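# A closer look at the structure
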Amino acid sequence: MDIGFVVHDYDVREGHGRYSVELISRISRVHKVTLYATNVSHDPPASVDVVKVPTIRRPSYATILTFPKAFAVVRRRHDLIHTQGWNTTSADIATAHICIAAWRLANMHAPTGSGFGEKVLGWYVERQERNFYRNGVRHIIAPSNRVRLDLEKHYRVSVEATVIPHGFSEAVAAPPPPPPREQSRRELQLPQDVFVAFYAGDARKGLDVTLRAVADVDAIHLLVVSRSKLRSYQSLASQLGIENRTYWVPGLPDLAAAYAASDLLIHPTVYDAFGLVVAEALAFGLPVIVSREAGITELLEDRRSAWLVRASSAEDCAEALRILSSDRRMVAEFATAAKEAAGRRTWNDVAAETMELYEKVATER
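Below you will find a few notes about this structure. (Residues numbered from 1 in each chain as written. Predicted model: local features only at pLDDT ≥ 70, side-chain atom pairs only at ≥ 80, totals over all residues. Heavy atoms only, no water.)

### A short note on the overall build of the protein
Heads up, the condition is: To qualify as a helix, a DSSP run of H or I must reach at least 4 residues; to qualify as a strand, a run of E must reach at least 2; elements of each kind are numbered from the N terminus. All radius of gyration figures rest on C-alpha atoms, and the globule criterion is 2.2 Å times the number of residues raised to 0.38. For this analysis, residues touch if any pair of their heavy atoms sits within 4.5 Å. Residues scored as positive are Lys and Arg, those scored as negative are Asp and Glu, and His as well as the terminal groups of each chain are ignored. In this description, the location of a charge corresponds to atom NZ of lysine, CZ of arginine, CG of aspartate or CD of glutamate.
When helices and strands are tallied, the protein shows 13 helices and 15 strands. Since a compact globule built from 365 residues should have a radius of gyration of about 21 Å, the 20 Å found for the protein is in line with a globular shape. Pairs at least 24 apart in sequence give 66% of the contacts found in the protein among residues at least 6 apart. Counting 44 positive and 43 negative side-chain charges, the protein places the averaged centre of each group 5 Å from the other.

### What about the sheet that holds strand S14 (residues 288-291)?
What counts, and what does not: Pairs of strands are assigned from DSSP output, requiring at least two bridges between the strands. Here an angle of 0 to 180 degrees is reported between the N-to-C directions of two axes, which are lines fitted to C-alpha atoms, with helices fitted over the stretch in contact.
What the six strands build is an open sheet, ordered S12-S11-S10-S13-S14-S15; its pairing is parallel. Two strands in the sheet have a free side with no partner beyond their single neighbour: strand S12 (246-249) and strand S15 (307-309). The mean inter-strand angle of the sheet, taken between neighbouring strand axes irrespective of direction, is 25°. Strands in contact with helix H11 (residues 314-325) are strand S10 (195-200), strand S11 (220-225), strand S13 (264-267), S14 and S15; relative to S15, the strand with the most contacts, it is inclined by about 160°.

### Looking at the pairing of strand S8 (residues 137-142)
Just so we agree on the cut-off: Type-normalised accessible area, obtained with a 1.4 Å probe on protein chains alone, sets the label of each residue: buried when under 20%, exposed when over 50%, and partly exposed for intermediate values. Orient the strands so they point away from the viewer; a crossover is then right-handed if the path from the first strand over the helix to the second runs clockwise.
Taking burial as the measure, the six residues of S8 include five buried ones, the bulk of the element. Inspection of the sheet shows strand S7 (residues 91-95) paired to S8 by four bridges, in the parallel sense. Note that in S8 the partner of Ile-93 across the bridge is His-139. As a crossover connection, the stretch from S8 through helix H5 (residues 145-155) into strand S9 (residues 161-163) is right-handed.

### Section: the sheet that holds S9
The pairing of strands in a sheet happens through backbone hydrogen bonds and is either parallel or antiparallel. Ordered by their spatial adjacency, seven strands build an open sheet running S5-S3-S1-S6-S7-S8-S9, and the pairing between neighbours is parallel. Strands with a single pairing partner mark the edges of an open sheet, and in this sheet they are strand S5 (49-52) and S9. Adjacent strand axes in the sheet meet at a mean angle of 20° when their direction is disregarded. Here strand S6 (residues 80-84) pairs with S7 via three bridges, running parallel. Within S7, the position partnered with Gln-84 by the bridge is Thr-95. With respect to the sheet, helix H13 (residues 347-363) is in contact with strand S1 (2-6), S6, S7, S8 and S9, its orientation differing from that of S8 by roughly 165°.

### What to know about unusual backbone geometry
Non-glycine residue Arg-156 carries a positive phi angle of around 55°. Its location among the elements puts Arg-156 in the loop between H5 and S9. The class for Arg-156 is exposed, based on a relative accessible area of 68%. Positive phi values are uncommon outside glycine, yet Ser-312 reaches one of about 65°. Position of Ser-312 relative to the elements: it lies in the loop between S15 and H11. With a relative accessible area of 35%, Ser-312 lands in the partly exposed category.

### Points about the pairing of S12
Both S11 and S12 contribute to a ladder of four bridges, which runs parallel. Residue pairing across strands places Val-224 opposite Trp-248, the latter belonging to S12. Viewed along the sheet, the connection from S11 through helix H8 (residues 231-239) into S12 turns out right-handed.

### Section: the nonpolar core
Put simply, the rule is: Nonpolar core, defined: a set of buried Ala, Val, Leu, Ile, Met, Phe, Trp, Tyr and Cys residues in which side-chain atoms within 4.5 Å join the residues together.
Ranked by internal contacts, the top residues of the largest apolar core, which has 59 residues, are Phe-198, Leu-223, Leu-282 and Ile-296. Not counting residues within four places of it along the chain, the set of residues in contact with Ile-296 comprises Phe-168, Phe-274, Gly-275, Val-278, Ala-279 and Leu-282.

Here you go:
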């Protein structure tokens, strides 16, 4: 089968990009694949044709808005088009990495609110996404049941949606030796003898809640790795009196050193279709505090493979931090359960289920 695979960023540092890299590396062993992307930051397999989609790159909303028309210009004929969200006016399969309407609603009630781009253009992107999922795609892949339900609730989507959860790192089966904790903490300029919680990714998903929770637990130090604009959060840390316990890293090529340096991951997200950073942390054997708004929690057991909290609840997060930081045995038990949970689903499983769906959709034409 000849597959056209469409994504903004083919980049393992982005959620949809990581999904694309993992899938294409496996699907291209079976099918002919053409990758359509604006940004290719990861080398695809040699058998994959790459077509650059000429969009405006900055700001991010410019890419979102210009991609569909730019893709229409370079689009070729394929047996099947698999796109990552609203990237085109028509596709055979779309993976819904987000429901914009649900995300905007969650941010509307979050303490940090929406960014400028979403306030100005979010309504338009939401409308285009709604039209696409209702009229422009034949089949939807949802990475969690919550996304499937969000699309039904907010967009009244009637096309068939198949839930195919994302995978966990296959390093679980044969893990490479992680960087030594002492070395990782030295590289990241962290103290050696403290309990470190780790926050990674988009600051809007709960960094403010994390800072408030850390302020309530004196023993906790916080490592933040994010490419978000952090000035307001740094000001909040100063107001809370935890600037000396908070360490800011603008970005890393990968998070292995951060996982090795940390005692747990905290991810009190207001919305997450899945939560790949949680999946990666679990695969590294890192205990996780995560809100129930993350789709990945459908695969997890509360107080065993993860500690589940309410979104935007600094009190829940502080309680979890307080208990875990004072009980090393519990941390070790969580770490073991994390690896067990991650070992139950790999990206090979995701690719096999996706290719099975390809065959089904192709025969329904």
